[in-house]
Amino acid sequence: MNLTWEEENRPIDLHVHTTASDGDVSPAGCVDEAKRLGLAAIAITDHDTTAGNAEALARGAEVGVEVVPGVEISIEYPPLTAHLLGYYPEPDSPELEAILNGLREHRGERNPRILKRLAELGCPIDRDELLAEAGGGVVGRPHIAAVMVRKGYARSLQDAFDRYLAKGAAAYVDRVRPSPEAAIRALLAARAVPVLAHPEAMGARSEREVEELVARLAHAGLRGLEAYYHGYSAGQVSACLTLARRYGLLVTGGTDYHGAKKPDIRLGRGPEGMHMPYRLLAELKRARERL
Ligand code: AMP
Ligand code: FE
Ligand code: FE
Ligand code: ZN
């Protein structure tokens with residue numbers, strides 16, 4: 001398929017969270033927001049779930065925004081915060097569902113442990129309050145933080161993280177995550193294109209540390225890097241582009257939109273206020289066809 005220059009440069013956003021995980025805009029609402037902003041396409045990449053994809057796809061077809069189904073999975077690679085994006089997973093892949101179910105079941109054990117610690121620290125929250133906050137989506141620390149703010153235990157979401165919920169803070173409980181290889185294997189089994197999310201925002205102390213992970217993932221079947229990401233400097237983008245070239249990976253771009261939960265992130269607005277062009281998605285689709 002040949003795209004015109006204009007088509008190749010239409011704005012897109014390939015990293016969007018909805019109420020199915022920790023965003024506060026529904027899947028259909030995200031599509032509407034994309035339409036309002038004039039985006040040609042968005043990808044739904046909720047943490048640990050593909051539950052928002054169907055609603056977004058349906059709305060996209062109605063309003064004329066291309067919707068890419070996807071998911072975001074945290075992987076075990078201490079001390080980095082490493083996340084994989086998977087684009088176009090087949091809906092009922094047993095391998096991928098097993099990983100996602102495992103991650104969600106684990107949250108069902110972890111969240112009560114966090115609440116128990118918070119209660120011991122003088123910040124009691126009950127389970128129903130937390131479930132109501134998550135509104136039926138995957139429940140995580142951002143929801144706990146929101147309840148804490150509402151109950152006056154913290155001044156802001158960031159304050160709740162800094163004092164209680166961040167890694168190493170008083171009420172932190174670690175998560176169990178799949179290995180990089182297991183996560184990539186599951187994504188490939190579902191014919192999803194595996195891409196490393198925000199390589200420059202994993203808490204690495206050096207480019208070398210980033211490259212070690214990229215090398216290991218590339219060996220396991222990684223196909224791309226998220227080189228354009230909300231808040232990246234030109235230098236960070238170029239570090240990602242260099243790595244992508246070195247390991248033969250495609251590049252994608254997304255903002256990590258979470259709605260009003262992360263008010264500084266605007267749908268579709270990439271590094272340095274630039275937009276991310278549709279040609280990144282065209283390349284991603286070619287990679288999907290080759291899987
Ligand atoms: P969970 O999936 O429950 O471990 O929560 C992970 C989410 O919490 C991430 O997607 C971020 O949105 C948020 N988060 C994690 N660490 C921090 C932090 N130090 N400050 C603010 N938000 C954070
Ligand atoms: Fe998140
Ligand atoms: Fe992430
Ligand atoms: Zn994300």
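Summary of the structure given here. The shown structure was predicted, so the numbers you read here are calculated from the model rather than taken from an experiment.

Thresholds applied
Residues numbered from 1 in each chain as written. Chains lettered and ligands numbered in written order. Predicted model: local features only at pLDDT ≥ 70, side-chain atom pairs only at ≥ 80, totals over all residues. Heavy atoms only, no water. Donors = N, O, S within 2.8 Å, 3.2 Å for Na, K, Ca; no water. Tetrahedral: all angles 85-135°; square planar, octahedral: opposite > 155°, others 65-115°. Helix = DSSP H or I, 4+ residues; strand = E, 2+ residues; numbered from the N terminus. Buried < 20%, exposed > 50% of the residue type's maximum accessible area, 1.4 Å probe, protein only. 1 Å grid on protein atoms, 1.4 Å probe; cavity = no way out; pocket = protein on both sides within 12 Å on 5 of 7 lines; lining within 4 Å. Points joined across faces, edges and corners; volume = space filled by probe spheres on them. Nonpolar A, V, L, I, M, F, W, Y, C, P; charged D, E, K, R; others polar. Salt bridge = Lys/Arg side-chain N within 4 Å of Asp/Glu carboxyl O.

## Observations concerning the coordination of the iron ion (ligand 3)
Part 1: Surrounding the iron ion (ligand 3) are the protein donor atoms Glu72 (OE), His83 (ND1) and His198 (NE2), at 2.0 to 2.3 Å.
Part 2: In primary-sequence terms, the residues that donate to the iron ion (ligand 3) follow E-x10-H-x114-H.

## Examining the coordination of the iron ion (ligand 2)
Part 1: Within the protein, Asp22 (OD), His47 (NE2) and His258 (NE2) serve as the donor atoms for the iron ion (ligand 2), at 2.2 Å.
Part 2: Geometry at the iron ion (ligand 2) is irregular, judged from the four donor atoms that bind it and their angles of 88 to 142 degrees at the metal.
Part 3: Summarised as a motif, the one-chain spacing of the donors to the iron ion (ligand 2) is D-x24-H-x210-H.
Part 4: Between the iron ion (ligand 2) and the zinc ion (ligand 4), a separation of 4.8 Å is found. One end of the pair, His47, is in the loop between β2 (41-44) and α3 (53-63); the other, His258, is in the loop between β7 (250-254) and β8 (276-277), with 211 residues separating them in the sequence.
Part 5: Under the relative-accessibility criterion, His258 is labelled buried at 2%.

## Some thoughts on the layout of surface pockets
Using a probe with the size of a water molecule, rolled over the atoms, empty space left in the structure can be pinpointed.
Part 1: Volume-wise, the largest pocket comes out at about 1200 Å³.
Part 2: Lining the largest pocket are 45 residues, and of these Thr81, His83, Arg141, Phe161 and Lys262 lie nearest its centre.
Part 3: Sorting the residues of the lining of the largest pocket by element identifies β3 (66-75), β4 (82-87), α4 (94-120), α6 (141-150) and α7 (157-165) as the ones contributing at least two each.
Part 4: Within the lining of the largest pocket, the residues separate by chemical class into 18 nonpolar, 13 polar and 14 charged.

## Looking at the pattern of salt bridges
Part 1: Tallying each qualifying case throughout the model produces 21 salt bridges.
Part 2: In this structure, Asp128 engages Arg127 in a salt bridge whose closest nitrogen and oxygen atoms are separated by 3.8 Å. The two residues Asp128 and Arg127 agree in class, both being exposed.
Part 3: With its nearest N and O atoms 3.1 Å apart, the salt bridge here joins Arg286 to Glu283. Here Arg286 pairs with Glu283, and both are found in helix α11 (residues 278-290), just three residues apart, close to one helical turn.
Part 4: Looking at Arg286, the relative accessible area reads 38%, which means it is partly exposed.
Part 5: Owing to a relative accessible area of 30%, Glu283 belongs among the partly exposed residues under this scheme.
Part 6: Members of the salt-bridge network, linked through shared partners, are Asp32, Arg59 and Glu62.

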